[in-house]
Structures are given as C-alpha cells and as structure tokens.
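One-letter residues, chain by chain:
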Amino acid sequence: MPTEEHMRAALQRYLDALNNHDVAGAVALFADGATLEDPVGTGVADAAERLPKMFDQVPVGSTFTLDTPIRTSHGSAAAMAFTVRAVVDGAPVEVRSIDVMEFDESGLITHMNAYNGPSDVVFGQ
C-alpha cells in the first residue's frame, strides 16, 4: 500500500502537471489500464486516452490552486480540493473541483473521480 506521503506527493505532481499543461507528466502518474471519471459527463474512460482530451479543454493561462490540504484515507485513496481560474470567452471564471484518486500497491493511480463544484463564478469582484 502506498504511504500517505506518496499519495500526497502524487496528487501535488498531478496539480503541477495541470498548471504546466504537462499531459505526459499527468499520464505517468497513472497505472496501465487506469480509469478516469471526469465531470463533463463522459462517464468512466481509460485514463491514458481521456487525460489528453481533458488537458485540451483547459483554457490557456488557467491556474490551479489547492483549496485545502491533500487528504488521504487509511487505505489507498487520496483527495484534493482545488480551484481553477480561467478566462472563457473574455470573462474570468473560477471552478471548484475535488479529485479522488485510488492507488495500487506500486503507488500509481488506478482510478480517479473528478467532481466539479459551483462553476462560472466570476472572480476578481
């Protein structure tokens, strides 16, 4: 079972990959055959196939910041709450999300659920 420190570090690396638009860095955190359930209604998909499509949907210049410390369970799952700030069609928006990831014995992510919270909230007001 991966340690809490390992899971926290993996989620931080995932957040860093989002901020750097580093698809390969994100995919490398996932085990072969890992699945992803994203918040845009596509259901469960192969992570290696879906992650590049998710990254393509992120507006250029978006920033991802942690809202709370990364949380781990007593088993092999961890979660992080974060906010993405972007400009969409000229309007600043902020979307809150929670990602819950399950890990295998080697410390790679085997499944991720991504949940969006309130969206289209204008920031900077």
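Residues numbered from 1 in each chain as written. Predicted model: local features only at pLDDT ≥ 70, side-chain atom pairs only at ≥ 80, totals over all residues. Heavy atoms only, no water.

Participant: Account for the environment of Ala114, with residues named and values stated.
Facilitator: Among the secondary structure elements, Ala114 is positioned in strand S7 (residues 109-116). Overall, Ala114 belongs to the buried group, its relative accessible area being 8%. Along the primary structure Ala114 and Ala79 are separated by 35 residues, whereas in three dimensions their C-alpha atoms are 9.6 Å apart. (Helix = DSSP H or I, 4+ residues; strand = E, 2+ residues; numbered from the N terminus. Buried < 20%, exposed > 50% of the residue type's maximum accessible area, 1.4 Å probe, protein only.)

Participant: Describe the nonpolar core, with residues and values.
Facilitator: Grouped together as the largest cluster of nonpolar side chains are 28 residues, with contacts concentrated most on Tyr14, Phe30, Phe103 and Met112. Of all the secondary-structure elements, those providing two or more residues to this core are helix H1 (4-20), strand S1 (30-37), helix H3 (47-57), strand S5 (77-88), strand S6 (91-103) and S7. In terms of residue count, H1 provides more of this core than any other element does, 7 residues in total. Residue contacts for Met112: discarding those within four places in its chain leaves Tyr14, Phe30, Thr35, Leu36, Glu37, Met54, Asp99, Val100 and Met101. (Core = buried A, V, L, I, M, F, W, Y, C linked by side-chain atoms within 4.5 Å. Contact = heavy atoms within 4.5 Å.)

Participant: Report on the pattern of salt bridges, specifying residues and quantitative values.
Facilitator: With the rule as written, the count across this model stands at 4 salt bridges. The residue Glu49 makes a salt bridge to Lys53 at a minimum N-O spacing of 3.7 Å. You can see Glu49 and its partner Lys53 sitting in helix H3, 4 residues apart, about one turn around the helix. Across the salt bridge formed by Arg96 and Glu94, the nearest N and O atoms sit 2.8 Å from each other. (Salt bridge = Lys/Arg side-chain N within 4 Å of Asp/Glu carboxyl O.)

Participant: Tell me what's going on with H1, and back it up with residues and numbers.
Facilitator: The end-to-end C-alpha separation of H1 is 24 Å, in line with the 24 Å expected for 17 residues at 1.5 Å each. Taken from the residues just after H1, His21 is the one with a positive phi, measuring 50°. (Expected span 1.5 Å × (residues − 1).)

So yeah, pure geometry; function would need other evidence.
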